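# Coordinate analysis (summary)
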Amino acid sequence: CCTNGKSLRAIETSVMPSSKDFIFIVEKFRKEIPNLTISTDVIVGYPTESEEDFKQTLKVMEITKPDIINISRFWPMPGTKAAQLKTLDHEIVKKRSKELMKLHNKISLEKNKSFLGKELECLVDEKSFGNFWICRDDSYKNIVVASKEKLFGKSIKVKIKRATPHSLFGEY
C-alpha cells in the first residue's frame with residue numbers, strides 16, 4: 001500500500017509510495033481496468049504511528065476501496081531498526097486493527113452487493129463442504145455455488161443471489 005511521511009522516515013526507505021501517490025495509482029488503474037481487484041497490505045501499530053497517521057490510513061482505504069486488505073499488527077523483527085523502537089500499547093494496536101477490519105468488511109460488503117443479480121463466468125477451483133463448490137470470476141471473486149455435480153475445473157455461468165463481505169453466493 002503506502003505509508004505516511006513520518007513512518008517512511010522511521011523505516012528509512014523510499015520504496016513505498018505516499019498516500020497521495022497510492023490514491024492516484026489506484027484511481028488511474030481503476031479507470032483503465034474497471035473490474036480490477038486491488039489488494040493491499042496494512043501494518044497496524046508501527047511504533048511511530050500516531051492516531052493521526054492511523055486516521056490517514058483509514059481515509060486512504062475509504063477512498064481507494066481495496067477489494068482485499070491484508071491486515072497485520074506490527075511485530076518487531078529482531079535485528080531490524082524497527083525492533084529498537086518502543087512499541088505502541090497492545091490495546092491501541094488491537095483497537096486500530098479491529099477498526100480497520102470493520103472498515104474493510106463495510107467496503108467489501110458494499111462492493112459485493114454490486115454483483116447481486118449479475119451473471120458471471122466462473123472457473124470452479126475448489127470443493128467446499130457438502131454439495132458446495134468455490135469458483136472464481138475473472139476478478140478472482142470468491143463465489144460459492146451448490147451442486148451435486150462434480151464441478152471441479154469446469155467453467156460455469158453463475159447468477160449472484162447473495163453477498164457477504166467475503167463471498168458471493170450464486171446459482172448454477
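Residues numbered from 1 in each chain as written. Predicted model: local features only at pLDDT ≥ 70, side-chain atom pairs only at ≥ 80, totals over all residues. Heavy atoms only, no water.

A contiguous nonpolar patch, built from F24, I25, F29 and I33 and spanning about 390 Å² of accessible area, is present on the exposed surface. In this structure, I25 sits in helix α2 (residues 19-32). Looking at I25, the relative accessible area reads 37%, which means it is partly exposed. (Patch = residues over 30% accessible without salt bridge, like charges linked within 9 Å, V, L, I, M, F, W, Y side chains within 5 Å. Areas by Shrake-Rupley, 256 points an atom, 1.4 Å probe, with all protein chains shown as cover. Salt bridge = Lys/Arg side-chain N within 4 Å of Asp/Glu carboxyl O. Helix = DSSP H or I, 4+ residues; strand = E, 2+ residues; numbered from the N terminus. Buried < 20%, exposed > 50% of the residue type's maximum accessible area, 1.4 Å probe, protein only.)

This paragraph deals with the packing of helix α3 (residues 51-64) against helix α4 (residues 90-113). Direction vectors running N to C along α3 and α4 enclose 10°, while the axes themselves pass 10 Å from each other. Compared by their axis directions, α3 and α4 come out roughly parallel. Along this stretch, α3 crosses α4, giving a crossing that reads as right-handed. Each of E51, F54, K55, L58, M61 and E62 in α3 lies in contact with α4, whose residues at this interface are K95, R96, E99, L100, L103 and I107. (Axes fitted to C-alpha atoms, helices over the stretch in contact; angles between N-to-C directions. Parallel < 35°, antiparallel > 145°, perpendicular 65-115°, else oblique. Left-handed = near helix turned anticlockwise from the far one by under 90°. Contact = heavy atoms within 4.5 Å.)

What follows is about unusual backbone geometry. The backbone phi angle of K65 is positive, close to 45°, even though this residue is not glycine. Here K65 is to be found in the loop between α3 and β2 (68-73). For Y140, which is not glycine, the phi torsion reads 65° and is therefore positive. Of note, Y140 is situated in the loop between β4 (132-136) and β5 (142-146).

The quantities given are spatial measurements derived from coordinates; they are silent on function.
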